[in-house]
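Close look at the chain arrangement
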Amino acid sequence: MQGSGTQADPYKITTCQELQEAMVKGNGGGSSPFYYRVMKDLDCNEDGIYEWDVNKTSNIYYLDIDFDGHYLT
């Protein structure tokens, strides 16, 4: 995933795999949160993801992802 995770240079999400990685990583748990931005429309069927492992993505409740007008299918 490109980017440094700062507000000025957020992690750039370009695949559903990277979205899952961001959900697992969460906000970093430190004093400086991680920032994420979706860079294009994401289609998880095209990326071969048909199910989400909720146990792996438990940090989602503490996560703010900027979809920047893009959608998730």
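Reference entry: report on the structure contained in this document.

1. Details of the pattern of salt bridges
- Across all of its chains, the model carries 2 salt bridges by this definition.
- Between Lys-12 and Asp-9 there is a salt bridge; the shortest N-O distance is 2.9 Å.
- Judged by relative accessible area, which is 23%, Lys-12 ranks as partly exposed.

2. Looking at the packing of aromatic side chains
- Counted by the stated rule, this structure contains 2 aromatic pairs.
- With 5.6 Å between their ring centres and 75° between their planes, Tyr-11 and Phe-34 make a pair best called edge-to-face. Here Tyr-11 is found in strand β1 (residues 11-13), whereas its partner Phe-34 is found in the loop between α1 (16-25) and β2 (36-38), with 23 residues between them in sequence.
- On the accessibility criterion, Tyr-11 (12% relative accessible area) is buried.
- Ring centres of Tyr-11 and Tyr-36 lie 5.4 Å apart, and the angle between their planes is 35°; on these two criteria the pair is classed as tilted. Pair noted here: Tyr-11 is in strand β1 and Tyr-36 is in strand β2, with a separation of 25 residues, a long-range link.
- For Tyr-36, a relative accessible area of 2% puts it in the buried group.
- Members of the aromatic cluster, joined through ring pairs, are Tyr-11, Phe-34 and Tyr-36.

3. Quick look at the state of the cysteines
- Going through the model one piece at a time under the given rule, you end up with 1 disulfide.
- With its sulfur 2.3 Å from that of its partner, Cys-16 forms a disulfide with Cys-44. Across the disulfide from Cys-16 to Cys-44, rotation about the S-S bond amounts to roughly -90°, and the bridge is consequently left-handed. Separated by 28 residues along the polypeptide, Cys-16 in helix α1 and Cys-44 in the loop between β2 and β3 (65-66) bring together distant segments of the chain.

4. Considering the environment of Thr-73
- Considering the arrangement of structural elements, one finds Thr-73 in the segment after β3.
- With 31 residues separating them along the chain, Thr-73 and Leu-42 place their C-alpha atoms 6.2 Å apart.
- The residues touching Thr-73, leaving out its near neighbours within four places in the chain, are Leu-42, Asp-43, Cys-44 and Asn-45.

What counts and what doesn't
- Residues numbered from 1 in each chain as written.
- Predicted model: local features only at pLDDT ≥ 70, side-chain atom pairs only at ≥ 80, totals over all residues.
- Heavy atoms only, no water.
- Salt bridge = Lys/Arg side-chain N within 4 Å of Asp/Glu carboxyl O.
- Buried < 20%, exposed > 50% of the residue type's maximum accessible area, 1.4 Å probe, protein only.
- Phe/Tyr/Trp six-rings, centres within 6.5 Å; stacked < 30°, edge-to-face > 60°.
- Helix = DSSP H or I, 4+ residues; strand = E, 2+ residues; numbered from the N terminus.
- Disulfide = S-S within 2.5 Å.
- Contact = heavy atoms within 4.5 Å.

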